[in-house]
Amino acid sequence: MKIFTVGYEGCDIDEFTEGLKEKGVTHVVDVRKNPLSRKRGFSKKKLAEELAKKDIAYTHMPGLGVPTLWRKQAKTHLITREKMFRDYVKKVLPKQQEEILQLLKLGKKKGLTLLCYEADASDCHRRYVAEEMDRHQKGKLKIENLVLKDQEGIFLFNIGKRGRASSA
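None of the values given here were measured: they were computed from a predicted structure.

A look at the nonpolar core
- In this structure, Leu-64, Tyr-88, Ile-100, Leu-103, Leu-114, Val-129 and Met-133 are the most contacted members of the largest nonpolar core, which totals 26 residues.
- Those elements giving two or more residues to this core turn out to be helix H3 (68-75), helix H4 (81-92), helix H5 (97-106), strand S4 (112-116) and helix H6 (126-136).
- Sequence-distant contacts of Ile-100, that is, excluding residues within four places in its chain, are made with Leu-64, Leu-93, Val-129, Glu-132, Met-133 and His-136.
- With 17 residues, the next largest nonpolar core counts Cys-11, Ile-13, Phe-16 and Ile-56 among its residues.

Listed below in structure tokens is the structure:
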């Protein structure tokens with residue numbers, strides 16, 4: 001089984017949905033606690049609508065999100081992100097095994113993707129959700145972290161009007 005993870009940081013909604021479609025994504029599972037965004041198109045309802053235009057299903061699993069208080073504490077440096085992630089693995093994931101099993105069922109179909117904000121999966125809790133899924137699969141789950149823009153912010157897929165080169 002193979003799953004993707006992706007963050008929308010740095011993307012606009014059109015680039016994002018087109019990039020997902022080009023990578024073969026068929027289902028996005030939003031693992032944000034609160035699927036709200038100041039970035040146009042990435043709040044729950046609008047995101048689901050935009051994904052549907054590309055025939056990509058959307059599911060929100062708030063139980064897999066990082067508690068709001070912890071995010072605020074990390075943002076204001078009351079705790080480190082490392083502590084936030086350690087606590088997430090110890091305190092949140094053990095209570096969300098039903099959701100993990102649901103993700104594994106969804107992952108049997110090709111194109112499942114875990115979504116959060118951060119472009120870098122190593123600095124996002126979705127990494128730990130994917131690792132927990134892999135633990136259930138006894139290390140046989142293939143996890144691909146999608147990168148939709150390069151380090152210079154150039155979109156990596158051909159989206160027509162913009163004329164940028166498509167990536168392999």
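A look at the sheet that holds strand S1 (residues 2-7)
- The strand order S3-S2-S4-S1-S5 describes an open sheet built from five strands, whose pairing is parallel. Unpaired on one side and paired on the other, strand S3 (57-60) and strand S5 (142-145) mark the two borders of the sheet. Neighbour-to-neighbour, the strand axes of this sheet turn through a mean angle of 25°, independent of strand direction.
- Relative to S5, S1 is paired through four bridges, and the arrangement is parallel. Of the residues in S5, the one forming a bridge with Phe-4 is Glu-144.
- Its contacts with the sheet put helix H2 (residues 44-53) on strand S2 (27-30), S3 and S4, and the angle it makes with S3 is roughly 155°.

A word on the layout of surface pockets
- Looking at the largest pocket, its volume works out to about 760 Å³.
- What lines the largest pocket is a set of 19 residues, and nearest its centre among them are Leu-36, Arg-38, Arg-71, Lys-75 and Tyr-117.
- Contributions of two or more residues to the lining of the largest pocket are made by H3 and H4.
- Residue contributions to the lining of the largest pocket peak at five residues, all from H3.
- In the lining of the largest pocket, the residues fall into seven nonpolar, three polar and nine charged.

Quick word on the packing of aromatic side chains
- Summed over all chains, the structure comprises four aromatic pairs.
- Between Tyr-8 and Tyr-117, the aromatic rings sit 5.1 Å apart at their centres with planes inclined by 80°, giving edge-to-face as the arrangement. Of this pair, Tyr-8 sits in the loop between S1 and helix H1 (13-22) while Tyr-117 is found in the loop between S4 and H6, placing the two residues 109 residues apart along the sequence.
- Accessibility expressed as a relative area gives 3% for Tyr-8, which makes it buried.

Some words on the packing of H1 against H2
- Where H1 contacts H2, the axes come no closer than 10 Å and their chain directions differ by 45°. On the basis of the axis angle, H1 is oblique to H2. When you trace H1 past H2, the crossing you get is right-handed. Taken together, the residues of H2 that come into contact with H1 (itself represented by Ile-13, Asp-14, Phe-16, Thr-17 and Leu-20) are Leu-47, Glu-50 and Leu-51.
- Tallied by class, residues from the contact of H1 with H2 come to five nonpolar, one polar and two charged.

Details of the environment of Ile-56
- Looking at the element boundaries, Ile-56 is found in the loop between H2 and S3.
- Distance from Ile-56 to His-27, taken between C-alpha atoms, is 5.2 Å for residues 29 residues apart in sequence.
- Apart from residues no more than four positions distant in its own chain, Ile-56 is found in contact with Thr-17, Leu-20, Lys-21, Val-25, Thr-26, His-27, Val-28 and Leu-51.

What counts, and at which threshold
- Residues numbered from 1 in each chain as written.
- Predicted model: local features only at pLDDT ≥ 70, side-chain atom pairs only at ≥ 80, totals over all residues.
- Heavy atoms only, no water.
- Core = buried A, V, L, I, M, F, W, Y, C linked by side-chain atoms within 4.5 Å.
- Buried < 20%, exposed > 50% of the residue type's maximum accessible area, 1.4 Å probe, protein only.
- Helix = DSSP H or I, 4+ residues; strand = E, 2+ residues; numbered from the N terminus.
- Contact = heavy atoms within 4.5 Å.
- Pairing = 2+ DSSP bridges.
- Axes fitted to C-alpha atoms, helices over the stretch in contact; angles between N-to-C directions.
- 1 Å grid on protein atoms, 1.4 Å probe; cavity = no way out; pocket = protein on both sides within 12 Å on 5 of 7 lines; lining within 4 Å.
- Points joined across faces, edges and corners; volume = space filled by probe spheres on them.
- Nonpolar A, V, L, I, M, F, W, Y, C, P; charged D, E, K, R; others polar.
- Phe/Tyr/Trp six-rings, centres within 6.5 Å; stacked < 30°, edge-to-face > 60°.
- Parallel < 35°, antiparallel > 145°, perpendicular 65-115°, else oblique.
- Left-handed = near helix turned anticlockwise from the far one by under 90°.

The quantities given are spatial measurements derived from coordinates; they are silent on function.
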